[in-house]
Amino acid sequence: MLIIILYFFIAVVIIQLAFYLGVFGKFAFAKAQKINPKRIPISVIVCAKNEEENVANFIPLLAEQDYPDFEIVLIDDASSDNTLAIFEDFEKQYSNIRLVKVENNEAFWGNKKYALTLGIKAAKKDYLLFTDADCYPNSKDWITAMSSQFTMQKTIVLGYGGYEKISNSFLNKLIRFETLLTAIQYFSWAKIGHPYMGVGRNLTYKKDEFFNVNGFINHIQVRSGDDDLFINEAAKAKNTTIAFTPESFTYSKPKTSYKDWLIQKRRHVATANHYKKLDQFQLGTFYSSQLLFIIFSVVLLSFQYQWILVLSLIATRYIFAWTVVGFSAGKLKEKDIKYWFPIVEMVLIFTQINIFISNLFSKPVNWK
């Protein structure tokens, strides 16, 4: 029996190395990216629902971007707080702000995709740059950095949306590691010609791409996924690229309780169930191999079976995985996370099991 487990363990290690070196290495070891400024007209789109504090702080940072031709489309999705009033004040203050007011209706009650569709249709520019109401750009050159990656062929650009650092918080390190690992995956797959998702915190594409797939109509019944499900459908090798210069990053305030973060991640995992089958398979294979690596390692070491070989395989896997994560963390300015890699990875694996089990018995909470 143990010999069979050993063979499976060897197979799992090979799969892990294939992911980390064959796929994720494409991003980890990529050359530094350059910003080649363009003068593409951009509509920055922000959809908010009950975000009065965030929009009051962050919209001015968008309005002060150093870019020659852009507008900001602010979408109030039937907020019950002062979000709309704050948007109206900004509209008076900045000439390049356009306001879209959304009222709930019976067919699309509380559906963010409906609100975003109205905002996209109201946008006057040919290129759309998305971020969330609780996000802010890393620099005044955010629009320049994101739009610089457009070419005649590349009309979808995937960006990085990170989270603020909180000192002496393990939860914060866990959140940022999960965000880093997700970015490593979607950046790497995009680089090898198989883009499968992006994040609405930092995403840009030509408006034509939206209408080419009839917007969100094919997944309008799924409350979440205005970013990743859209990219899963619209992105192809020939039309998609990535932006990973520090100027292109956005940041959000992270959750400060494990419960709140778990609710957020349950929604994201549930959305992934609507990805294309091949994408579900590659994600499932990666995360399953992570779990099996831990289980088989524990079993084989507990029985001290071929322990020198087992320890060698464990060390090999961790050395290469740690190297890939470390180089990627350096590119995305998350260097401190790499020192916690073995621990946060272990906690994340069991958190994902918790999420999977929870989603089997109840549906996650969606847009506010």
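In short, a report on the structure. For clarity, every value in this text was computed on a predicted model and none was experimentally measured. (Residues numbered from 1 in each chain as written. Predicted model: local features only at pLDDT ≥ 70, side-chain atom pairs only at ≥ 80, totals over all residues. Heavy atoms only, no water.)

Some remarks on the packing of aromatic side chains
Let me state the cut-off plainly: Aromatic pairs are defined between Phe, Tyr and Trp rings, using the six-membered ring for Trp, whenever the two ring centres lie within 6.5 Å; interplanar angles under 30 degrees are classed as stacked, those over 60 as edge-to-face, and all others as tilted. Only runs of H or I of at least four residues qualify as helices and only runs of E of at least two qualify as strands under DSSP, and these elements are numbered from the N terminus. The buried label applies to any residue whose accessible area, calculated with a 1.4 Å probe on protein chains only, is under 20% of its type's maximum; exposed applies above 50%, and partly exposed to all values in between.
Under the criterion given, the structure shown has 29 aromatic pairs. The interplanar angle of 45 degrees and the centroid separation of 5.1 Å between the aromatic rings of Phe27 and Phe187 together place this pair among those described as tilted. Of this pair, Phe27 sits in helix α1 (residues 2–28) while Phe187 sits in helix α6 (residues 170–191); the two residues are 160 residues apart in sequence, bridging distant segments of the chain. Here Phe27 matches Phe187 in class, with each residue buried.

Things to note about the sheet that holds strand β2 (residues 70–77)
Rules: Between any two strands, pairing holds if DSSP finds at least two bridges. Lines fitted to the C-alpha atoms define the axes, with helices restricted to the stretch that makes contact. Angles between their N-to-C directions range from 0 to 180 degrees. Any pair of residues with heavy atoms lying within 4.5 Å of one another is described as a contacting pair.
Read across the open sheet, the 7 strands follow the order β3-β2-β1-β4-β8-β6-β9; overall the sheet is mixed. The sheet terminates laterally at β3 (97–102) and β9 (240–242), the two strands that pair on one side only. Direction aside, neighbouring strands of the sheet carry axes that sit 20 degrees apart on average. Lying on the sheet, helix α4 (residues 112–122) is in contact with β1 (42–48), β2, β3, β4 (127–132) and β8 (203–206); it crosses β3 at an angle near 145 degrees.

Let's talk about unusual backbone geometry
The phi torsion of most residues other than glycine is negative, and most of the peptide bonds are trans. One non-glycine residue, Asn168, adopts positive backbone phi at about 60 degrees. Following the sequence through the fold, Asn168 ends up in the loop between β7 (161–163) and α6. A positive phi angle, near 60 degrees, is found at Asn214, a position not held by glycine. Of note, Asn214 is situated in the loop between α7 (207–212) and α8 (228–234).

Remarks on the pattern of salt bridges
Working definition: two side chains of opposite charge can pair if their charged atoms are close together. What counts is decided by this rule: We count a salt bridge whenever a side-chain nitrogen from Lys or Arg sits within 4 Å of a carboxyl oxygen from Asp or Glu.
All chains considered together, the criterion is met by 12 salt bridges. Two residues, Asp69 and Lys125, come together in a salt bridge whose shortest N-O distance is 2.8 Å. Note that Asp69 is positioned in the loop between α2 (52–63) and β2 and Lys125 in the loop between α4 and β4, a separation of 56 residues in sequence. On the basis of relative accessibility, which here comes to 26%, the residue Asp69 falls in the partly exposed class. Here Lys101 makes a salt bridge to Glu88, at a shortest N to O gap of 3.2 Å.

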